[in-house]
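Residue-level structural notes
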Amino acid sequence: MLDNIKRELRKKFKWSVDITNPLEIPQNIFNKFRNQYESSLTLEFLTKQFPDDHVVAITNSDLYTTGLNFIFGQAKIGKAMIVSTHRLAPTFYKDRGNEKLHQDRVLKECVHEIGHMFGLQHCKERGCIMSPSGTIKDIDNKSIEFCHMCELQLK
Ligand SMILES: [Zn+2]
Ligand SMILES: [Zn+2]
């Protein structure tokens, strides 16, 4: 999955992308009552680990942030973003396992959060990757592309 994401991000953003060794999220960020990690604190942790880079973090742990039951991902402007693969797996919804669909969803969410990392807000254009990702259907229904306006802003 990581190799696939690395290749696609290189292509899409013309970046150099390095895969680091896996990192353990500190246990004090884990909420044992919810069985989830708090994502803002996780992003802070990541930016401390890699202060000079833009961090694209992918975790199989479930994430939440204050006021929300869960989040697919979150970004810290100019610094880092994180996506959880947990609720992007078809099996999470009792659907049949489908590695390709799972990877496509993770990649879409990465591109969406990268957009946020570079300051883009949610977009009303249907199909734009920056349209909100409230449910798994929202993610499946949008494309992986930025609409014209988002693309311009990104540039
Ligand atoms: Zn968003
Ligand atoms: Zn857009």
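Since the structure is predicted, the reported quantities are computational estimates derived from the model, not experimental observations.

Here the focus is the coordination of the zinc ion (ligand 1). Think of it this way: four donors in a tetrahedron around the metal ideally sit 109.5 degrees apart, and six in an octahedron ideally sit 90 or 180 degrees apart. Around the zinc ion (ligand 1), the donor atoms from the protein are His112 (NE2), His116 (NE2) and His122 (NE2), and they sit 2.0 to 2.1 Å away. For the zinc ion (ligand 1), all donor residues lie on one chain, and their spacing in sequence is H-x3-H-x5-H. Taken together, the residues span a long stretch of sequence, with His112 in helix 3 (residues 99-117) and His122 in the loop between helix 3 and helix 4 (136-141) at a distance of ten residues. According to the relative accessible area criterion, His112 is buried, its value standing at 2%. Under the relative-accessibility criterion, His122 is labelled partly exposed at 47%.

The next point concerns the sheet that holds strand 4 (residues 63-65). The four strands lie next to each other as 1-2-4-5, forming an open sheet whose pairing is mixed. Each edge of the sheet is formed by a strand with only one pairing partner; in this case those strands are strand 1 (30-31) and strand 5 (68-71). With two bridges connecting them, strand 4 and strand 5 associate as antiparallel partners. If you follow Thr65 over to strand 5, its bridge partner there is Leu68.

Bound to the zinc ion (ligand 2) are the protein donor atoms Cys123 (SG), Cys128 (SG), Cys147 (SG) and Cys150 (SG), situated 2.3 Å from the metal. Viewed at the metal, the four donor atoms of the zinc ion (ligand 2) are separated by angles of 107 to 114°, and the geometry they form is tetrahedral. Written as a sequence motif, the donor residues of the zinc ion (ligand 2) are C-x4-C-x18-C-x2-C. Here the residue Cys128 occupies a position in the loop between helix 3 and helix 4, and Cys147 occupies one in the loop between helix 4 and helix 5 (148-154), the gap between them amounting to 19 residues. One exposure class covers both Cys128 and Cys147, and it is buried.

Relative to the assigned elements, Tyr93 resides in the loop between strand 7 (80-84) and helix 3. Tyr93 sits in the partly exposed class, given a relative accessible area of 28%. The sequence separation of Tyr93 and Ala75 amounts to 18 residues, and the corresponding C-alpha distance is 25 Å. Those residues in contact with Tyr93 that sit more than four places away from it in its chain are Phe72, Arg87 and Ile136.

This brings us to the packing of aromatic side chains. Following the criterion strictly, the structure yields six aromatic pairs and no others. When the ring of Phe70 is compared with that of Phe72, the centres are 5.1 Å apart and the planes differ by 80°; the resulting orientation is edge-to-face. Plain terms: the ring middles of Phe92 and Tyr93 are 5.0 Å apart, the flat faces sit at 75° to each other, and that makes the pair edge-to-face. Three or more aromatic residues link up through ring pairs in this structure, and these residues are Phe13, Trp15, Phe118 and Phe146. Positioned above the aromatic ring of Tyr64, the side-chain terminus of Arg34 is 3.8 Å from the ring centre.

The next subject is the pattern of salt bridges. Side chains carrying opposite charge are able to pair once their charged atoms draw close together. In the structure shown here, the tally under the stated rule is six salt bridges. One salt bridge in this structure joins Asp62 and Arg87, with 2.6 Å as the shortest N-O distance. Of this pair, Asp62 sits in the loop between strand 3 (55-59) and strand 4 while Arg87 sits in the loop between strand 7 and helix 3, and the two are 25 residues apart along the sequence. A salt bridge links Lys100 to Asp104, with the shortest nitrogen-to-oxygen separation between them at 2.8 Å. Of this pair, Lys100 and Asp104 both sit in helix 3, four residues apart, which is roughly one turn of the helix. According to the relative accessible area criterion, Lys100 is exposed, its value standing at 57%.

Conventions and cut-offs
- Residues numbered from 1 in each chain as written.
- Chains lettered and ligands numbered in written order.
- Predicted model: local features only at pLDDT ≥ 70, side-chain atom pairs only at ≥ 80, totals over all residues.
- Heavy atoms only, no water.
- Donors = N, O, S within 2.8 Å, 3.2 Å for Na, K, Ca; no water.
- Helix = DSSP H or I, 4+ residues; strand = E, 2+ residues; numbered from the N terminus.
- Buried < 20%, exposed > 50% of the residue type's maximum accessible area, 1.4 Å probe, protein only.
- Pairing = 2+ DSSP bridges.
- Tetrahedral: all angles 85-135°; square planar, octahedral: opposite > 155°, others 65-115°.
- Contact = heavy atoms within 4.5 Å.
- Phe/Tyr/Trp six-rings, centres within 6.5 Å; stacked < 30°, edge-to-face > 60°.
- Lys NZ or Arg CZ within 6 Å of the ring centre and 35° of its normal.
- Salt bridge = Lys/Arg side-chain N within 4 Å of Asp/Glu carboxyl O.

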